[in-house]
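Working through the structure, step by step
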Amino acid sequence: MDRKEFLTAVGGLALFTIVPSKVLGGSRHIAPSDQLTKGIIGVGGIGRSSLHFSSDESCRLTAICDVDANHLQAAANQAKERLNENVVTYHDYRDLIKDTNVDIVHIATPPHWHGIMAVDAANAGKDVFCEKPMTRTIGEGKKVMEAMKQNGRIFRLNTWFRFTDTFYGLGTQVSLLKKLVDTGLLGWPLKVTISGFTGFNWKFFWVGKDNLSPQIVPAHLDYDMWLGPAPYKPYNEHRVHQTFRGYWDYDGGGLADMGQHYLDPVQYILGKDDTSPVSVEIDAPQQHHDAVGTWRRISFRYDDGCEIILEGEDNGDPNAAYIEGPNGKVYKGFECTIPNIMSRLNDYPDPKPQNTDFLDCVRTRKKFALNEVNGFRSSTLVNMGVVALRLNRALKFDPITLSFIGDDEANRLINQPMRSPWKI
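These figures come from a predicted structure and were not determined experimentally. (Residues numbered from 1 in each chain as written. Predicted model: local features only at pLDDT ≥ 70, side-chain atom pairs only at ≥ 80, totals over all residues. Heavy atoms only, no water.)

1. Considering the overall build of the protein chain
- From N to C terminus, the protein chain includes 12 helices and 15 strands.
- For the protein chain, the C-alpha radius of gyration of 23 Å lies close to 22 Å, the compact-globule estimate for 424 residues.
- Counting only C-alpha atoms and orienting by the principal axes, one finds that the protein chain spans roughly 75 × 65 × 40 Å.
- Taking all 424 residues of the protein chain together, the buried fraction comes to 53%.
- Accessible area for the protein chain stands at about 18,900 Å²; split by element, carbon and sulfur atoms hold 51% of it.
- For the protein chain, the distance from the average position of its 47 positive side-chain charges to the average position of its 51 negative side-chain charges is 2 Å. (Helix = DSSP H or I, 4+ residues; strand = E, 2+ residues; numbered from the N terminus. Rg over C-alpha atoms; globule rule 2.2 N^0.38 Å. Buried < 20%, exposed > 50% of the residue type's maximum accessible area, 1.4 Å probe, protein only. Areas by Shrake-Rupley, 256 points an atom, 1.4 Å probe, with all protein chains shown as cover. Lys, Arg positive; Asp, Glu negative; His and termini not counted. Charge placed at Lys NZ, Arg CZ, Asp CG, Glu CD.)

Structure follows, in structure tokens:
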């Protein structure tokens, strides 16, 4: 073979290597040149928002699933009219995750489905984009971590305020707060107070009703499939769709809905991505066994003395510091009691870069910045608060065994039974 023939042959091989892997029969190894594909489970709310309901050259929407026929048809119409996509529609999520034309499964259902669907998707070889809270219970979160590790999948939790956005109500980015804490200038331990004045009460009154009357299930809704692993309760329109968060079987009210948005960045700022608090205290009225109610204050404490305070019904003190330590305090707008704080920060390194491009992580198989491991820890913060609220008492927690200390009733809420035939 002469030089010209050799170069021609090598060139042909090089071209062959960038053919999409699915064409070659290997749908799980994704080359950087591939267009990824996604399917969305749950298209009645956030799943059909412009933030997620998209299709472009980097990731194409190919499939959608919903147990409400009206939601499914509306989403299919939207995909055709706005995205020019003829998506495949599914009633059963298990059919969507078997679809060989789906690389990424986006879970946008009520939280009582998150754990089962994430594990099933991982076992089917799919990467997962999951809405918050990550799971409804601590036990389900552990199962998700195990499934992602065993199957080598990439997982993203959809709350992004530890990244680049301005943090809720504070007028500053999380990275600046993280840098300040890492310098040690505030001292240690730290107390973080999240009040209604930072916007935390936005969905605070997403509570349930304790006097629901049975209603006829609409013909377009498969209510039994909507319930899935949750205990059977007679249908009432307030249980489903936009108001499901007010019932313990499916979520945990405004605490569970907004809690991970607020608590995850704090966990990151404090450097607690690999641990959990050792106690949680609650100040709240007695809760109903079915419907979520309101609360006044929830406080978490770590073994090193750091605290996180969630102010509820009365919003807290509008003049309280957001972060305070022995040597200084930080208020809204990054007002700090330490003199010349901005110039002093210039002498310290910035926080380590984070992998915040989910599609790039899928292609390169690098862990996303907010993944199943650190996402589990911030989800555990939320679920610790939910358990304390349901039982209306203070609890002690072991961050290593991931169980409550000396409280059998609380531990039964870690791994809650599922309605047959569902299991995780």
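Don't stop here, the text continues.
2. Quick look at the pairing of strand 8 (residues 279-283)
- Two elements, strand 8 and strand 9 (residues 297-301), share 5 bridges in a ladder whose sense is antiparallel. Across the sheet, the residue bridging to I282 is I298, located in strand 9.
- Two elements, strand 8 and strand 14 (residues 395-398), share 2 bridges in a ladder whose sense is antiparallel. Paired with V280 across the strands is L395, a residue of strand 14. (Pairing = 2+ DSSP bridges.)

3. Focus: the sheet that holds strand 1 (residues 36-41)
- If you walk across this open sheet you meet the 6 strands as 3-2-1-4-5-6, and the pairing is parallel. What marks the edges here is a single partner per strand, and that holds for strand 3 (88-90) and strand 6 (155-158). For this sheet, the mean inter-axis angle between neighbouring strands, taken without regard to orientation, is 25°.
- Inspection of the sheet shows strand 5 (residues 127-131) paired to strand 6 by 4 bridges, in the parallel sense. Across the sheet, C130 pairs through a bridge with L157, a residue of strand 6. (Axes fitted to C-alpha atoms, helices over the stretch in contact; angles between N-to-C directions.)

4. What about the nonpolar core?
- With 111 residues, the main nonpolar core has Y93, I194 and I323 as its most contacted residues.
- Apart from the residues lying within four places of it in its own chain, the contact partners of I323 are L177, V181, L186, L190, K191, V192, I269, G328, K329 and V330. (Core = buried A, V, L, I, M, F, W, Y, C linked by side-chain atoms within 4.5 Å. Contact = heavy atoms within 4.5 Å.)

5. Brief notes about the confidence of the model for the protein chain
- Here the protein chain averages 91 in pLDDT, while 92% of its residues score no lower than 70.
- Contacts for the low-pLDDT stretch residues 1-30, under 50 throughout, to residues beyond four places or in other chains number 26 contacts. (pLDDT = per-residue confidence, 0-100.)

6. Here's the deal with the sheet that holds strand 8
- Taken together, the 9 strands give an open sheet; going across it, the order is 13-12-11-7-10-9-8-14-15, and neighbouring strands pair in mixed fashion. If you trace the sheet from one side to the other, it starts and ends with strand 13 (335-336) and strand 15 (403-404), each paired once.
- Pairing of strand 7 (residues 191-194) with strand 11 (residues 323-325), which is carried by 2 bridges, proceeds in the antiparallel orientation. Among the inter-strand pairings, V192 is bridged to a residue of strand 11, identified as I323.
- The sheet strands contacting helix 11 (residues 372-391) are strand 8, strand 9, strand 10 (307-311), strand 14 and strand 15, and the helix crosses strand 8 at an angle near 45°.

7. A look at the side chain of K126
- The residue K126 is located in the loop between helix 4 (114-123) and strand 5 in this model.
- With no salt bridge to any partner, buried K126 finds its closest opposite charge in D103, at an N-O distance of 6.0 Å.
- Polar side-chain contacts of K126 include one of 2.6 Å to the backbone oxygen of V102. (Salt bridge = Lys/Arg side-chain N within 4 Å of Asp/Glu carboxyl O. Polar contact = N/O pair within 3.5 Å; in protein donor to acceptor, adjacent residues only side chain to side chain.)

8. What about empty space enclosed by the protein?
- Within the structure shown, the criterion is met by 2 cavities of 30 Å³ or more.
- Of the volumes computed, that of the largest cavity is approximately 110 Å³.
- If you trace the largest cavity, you find 16 residues lining it, with R136, T137, N383, V386 and Q416 closest to the centre.
- When residues of the lining of the largest cavity are assigned to their parent elements, the largest contribution, 5 residues, is made by helix 11.
- Across the lining of the largest cavity, the residue classes tally to 8 nonpolar, 5 polar and 3 charged.
- Of the pockets and cavities examined, the second largest cavity occupies roughly 50 Å³.
- F204, W206, V207, G252, G253, G254, L255, V292, G293, W295 and L389 are the residues that line the second largest cavity. (1 Å grid on protein atoms, 1.4 Å probe; cavity = no way out; pocket = protein on both sides within 12 Å on 5 of 7 lines; lining within 4 Å. Points joined across faces, edges and corners; volume = space filled by probe spheres on them. Nonpolar A, V, L, I, M, F, W, Y, C, P; charged D, E, K, R; others polar.)

9. A look at the packing of helix 6 (residues 174-183) against helix 8 (residues 253-270)
- Running from N to C, helix 6 and helix 8 point in directions that differ by 30°, and their axes come no closer than 8 Å. Seen along the crossing, helix 6 lies across helix 8 with a hand that is right-handed. Contact residues: helix 6 offers V174, L177, K178, V181 and D182, while helix 8 offers P265, Y268 and I269.
- The residue inventory of the contact of helix 6 with helix 8, partitioned by class, reads 6 nonpolar, no polar and 2 charged. (Left-handed = near helix turned anticlockwise from the far one by under 90°.)

10. Focus: the layout of surface pockets
- Looking at the largest pocket, its volume works out to about 690 Å³.
- Lining the largest pocket we find 39 residues, and of these G45, I46, A108, F244 and R245 sit closest to its centre.
- Secondary-structure elements contributing two or more residues to the lining of the largest pocket are helix 4, helix 7 (223-227) and helix 8.
- Counting residues per element, the lining of the largest pocket draws most heavily on helix 8, at 3 residues.
- In terms of residue class, the lining of the largest pocket is built from 20 nonpolar, 12 polar and 7 charged.
- The computed volume of the second largest pocket comes to approximately 370 Å³.

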